[in-house]
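These are the residues of each chain, in order.
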Amino acid sequence: MSDQKIIITLDGWSSCGKSTLAKALAAALGYVFVDSGAMYRAITLFFIRHQVNIADPLAVEKALGSIQLHFVFNPSRGASDIVLNGENVEALIREMAVASRVSEVAALARVRQFAVQQQQRLGKEKGIVMDGRDIGTVVFPQAELKIFMTADKEIRVQRRLKELQATNPAITVDMVRENLEQRDYLDANRTESPLRQATDARVLDNSKLSPSQQFEMALLWAREAIRKANAQ
Ligand code: DC
């Protein structure tokens, strides 16, 4: 494989397995994996902790001015953990308290501007796989490969339930379904950069695909896109 690197974007609904696939793809290609949702979650955690009134633009501005986000590679996960003002918050941002507030925070134009700027900086050198909701449409509209992931809602609910129950057995299927439906709705209906399938995205419906089948399919597309970029 020659050395022209590309940008791969992976957008789609909540709990479709975007991060798992993005991480595997990045590892196979020797690319950097960035979970853009972790950035919105870490910002939300900060807002919760500091009781930021999201209806007050000045309070939001002040809070963003106090937020420093970094990623640090965690060898045990084979992916990067997110660091908020020097504190590794990777585990905390996955909790329900953050999940139930993140869509409102991610809907704020100023928050998106703040996160998108950092995401674009991370992609400057290419060789990146980034997953999220607006990566192929807003963050990297020029990306060489855009994947849009989707799956049956009930399948997504079961996958998410299993993940959450590993750390919190009190979580019920109804709680997970309600949170997922609410996030789907807010993500797709917000004014700022709603979740949309880019017109040039390749669709990956993984309802009936095993992780390895999805991976093989995405890797094939990635190799094809890299070949094309190198031929130009
Ligand atoms: O992918 P995730 O579930 O960790 O994302 C958390 C929330 O952040 C989700 O409700 C949508 C939002 N998000 C977004 O608006 N734009 C992105 N690029 C990534 C996530």
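Rules behind the numbers
For every chain, the first residue of its written sequence is number 1, and the numbers climb from 1 along that sequence. Only residues with pLDDT of 70 or above have their local features reported here, since the model is predicted, and side-chain atom pairs are shown and tallied only from 80 upward, although totals for entire chains, interfaces and linings are computed over all residues. Side-chain numbers come from the whole structure's heavy atoms, not from hydrogens or water. Should DSSP find at least two bridges between two strands, the strands are taken to pair. The way it works is that DSSP assigns letters per residue, a run of H or I at least four long becomes a helix, a run of E at least two long becomes a strand, and they are numbered from the N terminus. Structural elements are reduced to axes, namely lines fitted to C-alpha atoms, with helices fitted over the stretch in contact, and the angle between N-to-C directions of any two is expressed from 0 to 180 degrees. To define a nonpolar core, start from buried Ala, Val, Leu, Ile, Met, Phe, Trp, Tyr and Cys residues and group those joined through side-chain atoms within 4.5 Å. Whether a residue is buried, partly exposed or exposed follows from its accessible area with a 1.4 Å probe, protein chains only, as a fraction of its type maximum: under 20%, in between, or over 50%, in that order. Every residue pair with non-hydrogen atoms within 4.5 Å of one another is taken to be in contact.

Undergrad: How would you summarise the pairing of strand β3 (residues 69–74) if you had to cite specific residues and measurements?
TA: Bridge count between β3 and strand β4 (residues 79–84): 6 bridges; the pairing is antiparallel. Bridge pairing in β4 places V72 opposite D81. Hairpin connection from β3 to β4: 4 residues lie between these consecutive antiparallel strands, with G78 at a positive phi of about 70 degrees.

Undergrad: Outline the sheet that holds strand β2 (residues 32–35), supporting the account with residue identities and numerical values.
TA: Two modes of strand pairing occur in sheets, parallel and antiparallel, and in both the strands are linked by backbone hydrogen bonds. What the 5 strands build is an open sheet, ordered β2-β6-β1-β7-β8; its pairing is parallel. If you trace the sheet from one side to the other, it starts and ends with β2 and β8 (202–205), each paired once. Across this sheet, the average inter-strand angle for adjacent strands is 20 degrees, counted without regard to direction. The sheet contact formed by strand β1 (residues 7–12) and strand β6 (residues 128–132) spans 5 bridges and is parallel. In the strand pairing of β6, T9 is matched with M130.

Undergrad: Give a description of the nonpolar core that names residues and reports values.
TA: Buried together is how nonpolar side chains tend to be arranged in soluble globular proteins. Ranked by internal contacts, the top residues of the largest apolar core, which has 35 residues, are I43, F47, L64, I67, L69, I82 and V111. Elements represented by at least two residues in this core include exactly α2 (36–49), α3 (57–65), β4, α5 (102–106), α6 (109–122), β6 and α7 (135–139). When residues in this core are grouped by element, the largest group, 8 residues, is from α2. Sequence-distant contacts of I43, that is, excluding residues within four places in its chain, are made with L64, I67, L69, V105, V111 and F114. Counting residues in hydrophobic clusters, the runner-up holds 26 residues, among them M149, F215, L219 and A222.

Undergrad: Go over the sheet that holds β3 with me, naming the residues and quoting the values.
TA: Here we have 3 strands laid out as an open sheet, ordered β3-β4-β5, and antiparallel in their pairing. Each edge of the open sheet carries a strand with a single partner, namely β3 and β5 (87–88). Across the sheet, α2 is in contact with β3, β4 and β5; its angle to β4 comes to roughly 25 degrees.

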